[in-house]
Amino acid sequence: MPERVGPCLARLTSKPPPGDDWSYEVKWDGYRLAIHIDNRTVRILTRGGHDWTNRFPTIAADALDLGLDSAILDGEAVVLDKRGASDFSALQQALGGRGGKRSAAGALLYAFDVLYLNGHELRPLACEERRAMLAGIIKPHTSILFSEDVDAEGDAFLTLACKMGLEGIIAKRRDAPYRSGRGGEWLKIKCTQSETFLVIGYEFSASALGGLGRLLLAARKGGALVYVGGVGTGFGYKGAVAIRKLLDTMIIPKPALPLRRPGVRWVTPAVTVEVNFRAWTDDGKLRHASYKGMRDEAEMGDVYEVSADTKSGSAAP
């Protein structure tokens, strides 16, 4: 059994794909995990390959109770709100925030694929075959749940998901094997755009919660960083205090990008944040951005990569 498998990643698209070749699931808002079961031991790996077994003790224990000799399960760890929707901020708080060491004993795992099972390599099989096998090994009344297919047209399912306040939906090609990377076999369609960006500085405000007026953000473009604007809402008092306290330990004299903006406290671009936004402006900045939470440093690979059709620039407005 492989020590680690790079995850299959969903490509962002604006509309669900047409036709019967695609199945649909809820897009869960949490941490992507791979559950490795081998000879009565369990390892829980993040998307970046970090071992977080001790941070999800209930999921680890329930994985053993599946009674499998060996397996690799692919899924998303979540904490649900009162409506039954995944709450990314609640999961972060359970884990102790960015760099925290707490465990999320109350987290659930929505499993949506199985890559290896009892000595057999399953990645070459069609997606619907793998998922049928996965459904057969999930037991009821545990912290590991099966991410169900939704029997609906893609457009109708997306409309319903957005009305319910969910993040979006995932479309998967039924006949596709499991391939690491963003090959297009899986697609994500979001109700509200949400991406991960690097913080390159912040504006202090004596009148704002926690003294945090606005975060300045960057995305990746090739091997460089590019300025994408800022976010000044959604922090809450505790969130503002936490991120400002962290950023104050990372102050640098000059910005990481050639920006000219008086009064900004520039920081080493090492803190990643998740941000909701409505759209991109014509010059490649975030429109109507709202802070969602800090990402853990273990997931630095999630930083948004600017595509050729996003007209981002490096000069601040």
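To keep things clear, this report deals only with the structure shown in the data block.

1. Comments concerning the sheet that holds strand β1 (residues 11–12)
Taken together, the 4 strands give an open sheet; going across it, the order is β1-β10-β9-β2, and neighbouring strands pair in mixed fashion. Looking at the sheet topology across the chains shown, the edges are occupied by β1 and β2 (22–26). Helix α4 (residues 154–163) rests against β2, β9 (168–173) and β10 (186–190) of the sheet, and its axis sits at about 155° to β9.

2. Some thoughts on the packing of aromatic side chains
Across all of its chains, the model carries 12 aromatic pairs by this definition. Centroid distance Y178 to W186: 5.8 Å. Interplanar angle 85°. Geometry classified as edge-to-face. The buried category is assigned to W186, whose relative accessible area is 4%. Consider the rings of F197 and Y304, whose centres lie 5.8 Å apart with planes at 55°: the pair is tilted. Residue F197 is found in strand β11 (residues 193–204), and its partner Y304 is found in the segment after β18 (290–294); the two are separated by 107 residues along the sequence. Of the two residues, F197 and Y304, both sit in the buried class. The structure contains a cluster of three or more aromatic residues connected by ring pairs, namely Y31, W52, F56 and F88. The aromatic ring of W52 is capped on one face by R55, whose charged end is 4.5 Å from the ring centroid. Geometry around W186 places K172 over its ring, the cationic atom sitting 4.0 Å from the centre.

3. A closer look at the state of the cysteines
If you walk through the whole model with that rule in mind, you get 1 disulfide. Each sulfur in the disulfide pair C162 and C191 lies 2.2 Å from the other. Its S-S torsion of about -95° marks the bond between C162 and C191 as left-handed, since a negative value means left-handed. Of this pair, C162 sits in helix α4 while C191 sits in the loop between β10 and β11; the two residues are 29 residues apart in sequence, bridging distant segments of the chain.

Conventions we followed
Residues numbered from 1 in each chain as written. Predicted model: local features only at pLDDT ≥ 70, side-chain atom pairs only at ≥ 80, totals over all residues. Heavy atoms only, no water. Pairing = 2+ DSSP bridges. Helix = DSSP H or I, 4+ residues; strand = E, 2+ residues; numbered from the N terminus. Contact = heavy atoms within 4.5 Å. Axes fitted to C-alpha atoms, helices over the stretch in contact; angles between N-to-C directions. Phe/Tyr/Trp six-rings, centres within 6.5 Å; stacked < 30°, edge-to-face > 60°. Buried < 20%, exposed > 50% of the residue type's maximum accessible area, 1.4 Å probe, protein only. Lys NZ or Arg CZ within 6 Å of the ring centre and 35° of its normal. Disulfide = S-S within 2.5 Å.

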